[in-house]
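Given next are the chains, with one letter for each unit.
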Amino acid sequence: MDLVPNHTSSAHPWFAAALAAPPGSRERARYHFRDGRGPDGDEPPNNWPSIFGGPAWTRITDPDGQQHQGRPGQQHQGRPGQQHQGRPGQQHQGRPGQQHQGRPGQWYLHLFAPEQPDLNWGNEEVFADLERTLRFWLDRGVDGFRIDVAHGMAKPDGLPDHDGWQSNTLLSHFDTDPRFNDPNVHDIHRRIRKIFDEYPHAVAIGEIWVHDPQRFAEYLRPDELHLGFDFHLALTGWDATAIRAAIDGSLAAVAPVQGTPTWTLSNHDVSREVTRFGGGPIGIARARAMILVELALPGAVFVYNGAELGLADVDLPDEALQDPVWTRSGHTDRGRDGCRVPLPWQGDRPPFGFTAATQGWLPQPESWAALTAERQLEDVTSMLSLYRSALELRRRRPELSGGIDWYGSPPGCLAFRRHGGLTCALSHHRRSGAAAPGRGAAREHTRGGHPTPAEQRGLVAVKLRNILRHSTFRPIPPPRRRYTEP
């Protein structure tokens, strides 16, 4: 399950209670409420920006007996002294936390959207509530949790100003950023791990956007998280040198703590690999090659939904965009919606079985009719069939065991051998005839920049030389019955 411990919704009962309570109350102590700076408290408590753009603080208005619903900090607009008109008992709708005709009050911290107020993890009541939540689901047999913003939660004492924001950009942060990776976060993870140790079947996986390998590894110590998402490959383009550096860095990061390396080519915050690798047929061919490189590596592999279908980012119209980055950047950053379009399951037209409604929350392109799970299951050359066959090989074959040793390779190529016997090679050359050495090469022979017919059939990908030479393995056939439901 997905677990978001850094913040709650602004519609959460705790936050509603905090808005109705006075400063210094137990209810406000669950969050980060502070008085503003300046003569009238009109300035935010510190200079932190939000990940989504704008300040990380929103000012509320203190309660005056009449609740005003809507987005935090909004003032009711009208002529001086004008009363809000409506039916008796009707509440005016606006931003959450806003009070009707109240006086300006404290500010609250939200590292993300105003609708996502940060919890105060220095408050024992917050952890007690998390423990109840974890046990509720673990007692019911869930296999574990993906912990969102696992490097967040803890904040530095006093929430001090920071002088390095000139290098800050939307949807990113750096290792000296005081908003994240505070040392006290490890105490929180140790307490979480103690709960998980009572449920040996369950796993805790952290979303950890920490770039320094040593600091990343701290989250994977034996008494903290079981696994952590490593995003180096997800941030790497089609370049063999950069790919090898990302692999080396990830392996080196977990080695000191004897952690398990993890790999992923994309997630909901970055462009899909088909788009990142060039888009169109060449992007698909490269994505086919890279999933086999990834599955040839030791450790745990995470697949972002839709990668197994070969989906690319969707160029959505402005009016369809919903990412808060789009609005908070003043419509200058389109955000992440392009990689978040709902999956096509079946049928010939949107919404492709995803919903009984006429459309999902983001529109799917008509062209996805050729990429539905239903259609790909019946095509042994499809991206989905490639994934299924490769995952079966990874489970079954002893050659995919042990560590890796790198082979020497010419520029633009990489090659490694698993200790169990598998050889993997990849070339990113575009000109015909360029390939990594050896029979096991993953090639990208192109004609005029376009994939050859062999590449379009998926032969661009890694040939598992020492596995398939004498193996009876065959690609997984399509199911005998047609796909009927998600």
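Residues numbered from 1 in each chain as written. Predicted model: local features only at pLDDT ≥ 70, side-chain atom pairs only at ≥ 80, totals over all residues. Heavy atoms only, no water.

**Student:** Please clarify how the overall build of the chain should be interpreted in this entry.
**Tutor:** A tally of helices and strands in the chain yields 13 helices and 15 strands. The buried share of the chain, reckoned over its 486 residues, is 50%. Accessible surface, the chain: about 22,900 Å² in total, of which carbon and sulfur atoms supply 51%. (Helix = DSSP H or I, 4+ residues; strand = E, 2+ residues; numbered from the N terminus. Buried < 20%, exposed > 50% of the residue type's maximum accessible area, 1.4 Å probe, protein only. Areas by Shrake-Rupley, 256 points an atom, 1.4 Å probe, with all protein chains shown as cover.)

**Student:** Would you explain the sheet that holds strand β1 (residues 2-3) in this entry?
**Tutor:** Pairing between sheet strands relies on hydrogen bonds along the backbone, with the strands arranged either parallel or antiparallel. Pairing in this open sheet of four strands is parallel, and the strands run β1-β5-β6-β7 from one edge to the other. The open sheet has two edge strands with one neighbour each: β1 and β7 (227-229). Inspection of the sheet shows strand β6 (residues 203-207) paired to β7 by three bridges, in the parallel sense. Pairing of Glu207 across the sheet is with Phe229, part of β7. (Pairing = 2+ DSSP bridges.)

**Student:** Where do I start with the sheet that holds strand β2 (residues 33-34) in this structure?
**Tutor:** With antiparallel pairing, the three strands of this open sheet are ordered in space as β2-β4-β3. Since the sheet does not close on itself, it has two edges, and those belong to β2 and β3 (57-61), each with one partner. Taken together, the two bridges between β2 and strand β4 (residues 104-109) define a ladder with antiparallel strand orientation. In the sheet register, Phe33 faces β4, and the bridge partner there is Tyr108.

**Student:** Help me understand the pattern of salt bridges in this model?
**Tutor:** Working definition: two side chains of opposite charge can pair if their charged atoms are close together. Applying the stated rule across the entire model yields 29 salt bridges. As a salt-bridge pair, Glu198 and Arg135 come within 3.0 Å of each other at their nearest N and O atoms. Here Glu198, found in the loop between α4 (185-196) and β6, pairs with Arg135, found in helix α3 (residues 124-138); they are 63 residues apart in sequence, far enough to count as distant. Among the residues examined, Arg135 registers a relative accessible area of 21% and is labelled partly exposed. (Salt bridge = Lys/Arg side-chain N within 4 Å of Asp/Glu carboxyl O.)

**Student:** Just to check I follow, could you spell out the packing of α3 against α4 for this structure?
**Tutor:** What describes two packed helices is the angle between their axes and the distance between those same axes. In contact at an axis separation of 11 Å, α3 and α4 are set at 30 degrees when each is read in the N-to-C sense. As far as their axial angle goes, α4 and α3 are roughly parallel. The way α3 lies across α4 gives a crossing that is right-handed. Between α3 and α4, the contacting residues are Glu124, Phe127, Leu130, Glu131, Leu134, Arg135 and Leu138 on the first element and Ile188, Arg191, Ile192, Ile195 and Phe196 on the second. Along the lines of polarity and charge, the residues of the contact of α3 with α4 split into eight nonpolar, no polar and four charged. (Axes fitted to C-alpha atoms, helices over the stretch in contact; angles between N-to-C directions. Parallel < 35°, antiparallel > 145°, perpendicular 65-115°, else oblique. Left-handed = near helix turned anticlockwise from the far one by under 90°. Contact = heavy atoms within 4.5 Å. Nonpolar A, V, L, I, M, F, W, Y, C, P; charged D, E, K, R; others polar.)

**Student:** Looking at this model, I keep getting lost on the environment of Pro45. Mind explaining?
**Tutor:** Tracing the backbone shows Pro45 in the loop between β2 and β3. Taking the C-alpha atoms as reference points, Pro45 and Asp161, separated by 116 residues in sequence, lie 8.7 Å from one another.

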